[in-house]
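# Per-entry structural report
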Amino acid sequence: MSAETLEYHHDKHHNAYVTAGNKLMEGTPYADMDLESAIRESYKSDPKLFNQIAQHWNHMEFWHWMSPKGGGAIPGNLESQIKKDFGSVDDFKEAFVQAGVTQFGSGWCWLVWKDGKLAVTQTPNGENPLVHGGTALLGCDVWEHSYYIDYRNARPKYLEAFFDHLVNWERVTEIYERAS
Ligand SMILES: [Fe+2]
C-alpha cells in the first residue's frame, strides 16, 4: 500500500466519514452514546448516520490491522483455531480473498468470531460485524479508494498483498484471545 493511497484514504476518505458523522449526530441522542452503541442503534433507524459512523469504526480498526512489517506467520493459538475451522491457513486465505473479490461493489470482507468459531463474511458499504452479532478479528476494505491508485481494478492482487504483507497478526490474535 503506497504512501499516496494511505494519505488519500486516511486524510480524505476517513476524515470525510468523521466530519459527516459528527455533523449528523449534532443535537441528537447519538451524540451522547459510545460509538459502538450508536452504530448498533442507527443500523435500523438511521441508515444515513449509520454509514458514516460505521465507516469511522471500520477505518479505525483497519489502520491497526495493518503493519509495515505485516503478513507472515500467524501466532500459534490463532493458527490452531484457523486450522480447526478452515482446514488450513491456505484454505482460510482463499476464503478471505474470495469474500473480498466477490463482494459486489463497495464493502468489506471479514474474519469474525461468532458462536464459538471463526468464519469469513462479507458486507456491503459500511456495514460491519458489530450489527451481525460477531466480533471482527480482521477486516479488509474493498472500496475502490483502498486499492485503485496502486492496483487499478485488480482487487484480487490487492487482497493477496494485504494478506501476505500487511496484516498485523499480533493485533488479530489479541482480539481473538479477548473474544474467545
Ligand atoms: Fe476505506
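For the structure itself, look to the data block above.
Scope of this entry: the structure provided in the associated data block. (Residues numbered from 1 in each chain as written. Predicted model: local features only at pLDDT ≥ 70, side-chain atom pairs only at ≥ 80, totals over all residues. Heavy atoms only, no water.)

## Focus: the overall build of the protein
For the protein, the count of helices and strands is eight helices and three strands. Starting at the N terminus, the α and β elements of the protein follow one another as α-α-α-α-α-β-β-β-α-α-α. On C-alpha atoms alone, the protein measures out to a radius of gyration of 16 Å, which is about the 16 Å that the 2.2 N^0.38 rule sets for 180 residues. Dimensions along the principal axes, computed over C-alpha positions, put the protein at roughly 50 × 35 × 25 Å. (Helix = DSSP H or I, 4+ residues; strand = E, 2+ residues; numbered from the N terminus. Rg over C-alpha atoms; globule rule 2.2 N^0.38 Å.)

## Overview of the pattern of salt bridges
Considering all chains together, one arrives at four salt bridges under this definition. With its nearest N and O atoms 3.3 Å apart, the salt bridge here joins R171 to E61. With a gap of 110 residues between them, R171 in helix 8 (residues 169–179) and E61 in helix 3 (residues 47–64) connect regions that are remote in the sequence. Here K83 and E79 are joined by a salt bridge, their closest N and O atoms 3.7 Å apart. Separated by four residues within a single helix, K83 and E79 lie in helix 4 (residues 76–86), roughly one turn from each other. Among the residues examined, E79 registers a relative accessible area of 27% and is labelled partly exposed. A network of salt bridges, in which partner residues are shared, links K93, E160 and D164. (Salt bridge = Lys/Arg side-chain N within 4 Å of Asp/Glu carboxyl O. Buried < 20%, exposed > 50% of the residue type's maximum accessible area, 1.4 Å probe, protein only.)

## Comments concerning the sheet that holds strand 2 (residues 117–124)
Read across the sheet, three strands follow the order 2-1-3 without closing on themselves; strand pairing throughout is antiparallel. Each edge of the open sheet carries a strand with a single partner, namely strand 2 and strand 3 (135–141). Taken over all neighbouring pairs, the strand axes of this sheet differ in orientation by 20° on average, direction set aside. Across the sheet, helix 8 lies against strand 1 (107–114), strand 2 and strand 3, angled at about 150° from strand 3, the strand it touches most. (Pairing = 2+ DSSP bridges. Axes fitted to C-alpha atoms, helices over the stretch in contact; angles between N-to-C directions. Contact = heavy atoms within 4.5 Å.)

## Quick word on helix 3
With 18 residues, helix 3 extends 26 Å from end C-alpha to end C-alpha; this agrees with the ideal 26 Å at 1.5 Å per step. Among all positions in helix 3, only L49, F50, I53, A54, Q55, W57, N58, H59, E61, F62 and W63 are buried. Summarising the contacts, the buried residues of helix 3 are in contact with helix 1 (3–25), helix 2 (35–45), strand 1, strand 3, helix 7 (155–166) and helix 8. (Expected span 1.5 Å × (residues − 1).)

## Concerning the environment of T19
The topology assignment puts T19 in helix 1. Taking the C-alpha atoms as reference, T19 lies 18 Å from H145; in sequence the two are 126 residues apart.

## Things to note about the packing of aromatic side chains
Where two aromatic rings form a pair, the distance of their centres and the angle of their planes describe that pair. According to the stated counting rule, one finds 17 aromatic pairs in the structure shown. Between the aromatic rings of Y17 and W143, the centroid separation amounts to 6.3 Å while the plane-to-plane angle is 75°, which identifies the pairing as edge-to-face. Of this pair, Y17 sits in helix 1 while W143 sits in the loop between strand 3 and helix 6 (148–151), and the two are 126 residues apart along the sequence. For the pair formed by Y17 and W143, the shared burial category is buried. Measuring from ring centre to ring centre gives 5.5 Å for F62 and W108, while their planes differ by 90°; the resulting arrangement is edge-to-face. Here W108 lies in strand 1 and F62 lies in helix 3, a separation of 46 residues in the sequence. Comparing F62 with W108 shows no difference in burial state: the two are buried. (Phe/Tyr/Trp six-rings, centres within 6.5 Å; stacked < 30°, edge-to-face > 60°.)

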